[in-house]
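# A closer look at the structure
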Amino acid sequence: QVQLVESGGGLVQAGGSLSLSCAASVRTFSDYASAWFRQAPGKERELIAAMSWRGGTTTGTSSLNGRFTIARDTNKKALFLQMNNLRPEDTAVYYCAARVDDSTYPAPGRYDYWGQGTQVTVSS
């Protein structure tokens with residue numbers, strides 16, 4: 001069983017930055033592709049970016065315009081999301097996810113494991 005625990009969310013002013021982390025309790029993190037999603041109130045869960053253990057990246061919504069960067073540390077079994085120039089519309093619950101192989105997909109249903117989510121609120 002895989003457990004994912006996100007941290008680093010909070011309240012930030014527009015234009016600010018936040019760094020999210022996701023700690024994975026797995027034997028070998030490189031067996032999994034991993035991803036960050038977000039879900040705003042009343043909206044569907046959407047992919048921010050996914051990364052395979054080979055380092056390939058699949059990016060999600062084009063509106064992010066390079067403001068968000070995904071990274072992972074396989075040795076530390078961790079996934080990271082650096083978020084810069086945050087906007088009020090980035091307010092959402094941010095989730096870490098993983099799937100048992102090295103393929104990345106934009107659809108949430110393709111992922112096998114999820115963290116509990118961390119709230120990010122951007123004030124104007």
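Rules behind the numbers
Residues numbered from 1 in each chain as written. Predicted model: local features only at pLDDT ≥ 70, side-chain atom pairs only at ≥ 80, totals over all residues. Heavy atoms only, no water. Phe/Tyr/Trp six-rings, centres within 6.5 Å; stacked < 30°, edge-to-face > 60°. Helix = DSSP H or I, 4+ residues; strand = E, 2+ residues; numbered from the N terminus. Buried < 20%, exposed > 50% of the residue type's maximum accessible area, 1.4 Å probe, protein only. Lys NZ or Arg CZ within 6 Å of the ring centre and 35° of its normal.

Our focus in this paragraph is the packing of aromatic side chains. Taken as a whole and assessed by the stated rule, the structure comprises 6 aromatic pairs. Aromatic pair F37 and Y111: ring centres 5.3 Å apart, planes at 75°, arrangement edge-to-face. A residue pair is termed long-range when its members are at least 10 positions apart, and F37 in strand β4 (residues 33-39) and Y111 in the loop between β9 (92-99) and β10 (113-114) qualify at 74 residues. Residue F37 is classed as buried on the basis of its relative accessible area of 0%. In this structure Y111 comes out as buried when scored by relative accessible area, which is 5%. An aromatic cluster is built from F37, Y95, Y111 and W114, whose rings are joined through pairwise contacts. Across the ring face of Y95, the terminal group of R45 is positioned such that the distance to the ring centre comes to 3.8 Å. Across from the ring centre of W114, 4.7 Å away, lies the NZ or CZ of R45, which sits over that ring.

These values are about where atoms sit, not about what they do.
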